[in-house]
Amino acid sequence: MKKMLPLFVLIAAFSCTTPNPNTNAKGENELKSLEVDESIKGEEMSFKDIVYVPIYSDIYFDANHQNNLLSATLSIRNTSFKDTIFVSKIEYFNTSGDLVRKYIDNTIGIPAMGTVNYVVERDDNSGGSGANFIIEMSARSAEIRPLVQAIMIGDNGNKGFSFATDGYSLLR
């Protein structure tokens, strides 16, 4: 029995860790796993858009300006039944308009009817209450209509809440 104790401790330690919400079923970075191998030529793309997505990493909840941290999920959905969307930029900006981080270095492809979600953890308050994402995307078909949203989730005491924001085209 004493020989089994280290095994039980190891199992307990790994079972208590929170899985990373930004990894796929294989444990790979969700965005990295979608990188495309082919060269994407701008002149081949009939659809091009830049989308602004408001994010709230915290909100004020009383007159004393106490803020409540939120987790946020960026969701990019390909609503096409047959065409891939190519995403060449996902950048996160803070309330002051400063670039906080770039999420991709290479173009990713979201297959027909596919979705990519990326979570900004609750403890990451680098964006502030006026944070936003800029998403640059393209597709070969001009008929494509992606859906880009953010879902924020938080709690205050024993009450939970959530709300969503829609992305807005900066080119249309």
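Residues numbered from 1 in each chain as written. Predicted model: local features only at pLDDT ≥ 70, side-chain atom pairs only at ≥ 80, totals over all residues. Heavy atoms only, no water.

I tried to follow the overall build of the protein chain on my own but got confused; where do I start?
Helices and strands together make up the secondary structure of the protein chain, namely one helix and twelve strands. Each helix and strand of the protein chain, placed in order from N terminus to C terminus, yields the pattern α-β-β-β-β-β-β-β-β-β-β-β-β. Expressed as a percentage of its 172 residues, the buried residues of the protein chain come to 34%. Across the protein chain, the fraction of contacts at a sequence separation of at least 24, relative to all contacts at a separation of at least 6, is 75%. (Helix = DSSP H or I, 4+ residues; strand = E, 2+ residues; numbered from the N terminus. Buried < 20%, exposed > 50% of the residue type's maximum accessible area, 1.4 Å probe, protein only. Contact = heavy atoms within 4.5 Å.)

I would appreciate a short explanation of the sheet that holds strand S4 (residues 71-77) in the present structure.
What links the strands of a sheet is backbone hydrogen bonding, and the strands pair in either a parallel or an antiparallel sense. Taken together, four strands build an open sheet; the order of strands is S8-S4-S10-S11 and the sheet is antiparallel. Looking along the sheet, the strands with just one partner apiece sit at the ends: strand S8 (115-120) and strand S11 (159-166). In this sheet, adjacent strand axes meet at a mean angle of 20° when their direction is disregarded. Strand direction decides the pairing type here: strand S10 (residues 147-156) and S11, joined by eight bridges, are antiparallel. Looking at S11, one finds that Ile-153 is bridged to Ser-162. (Pairing = 2+ DSSP bridges. Axes fitted to C-alpha atoms, helices over the stretch in contact; angles between N-to-C directions.)

Sorry, what's going on with the confidence of the model for the protein chain here?
In low-pLDDT regions, the fine details of the predicted coordinates are not to be read closely. Across the protein chain, the average pLDDT comes to 84, with 83% of residues at 70 or higher. Predicted confidence is poor over residues 13-17, with pLDDT under 50, and the contacts of this stretch with residues over four places away or in other chains come to zero contacts. (pLDDT = per-residue confidence, 0-100.)

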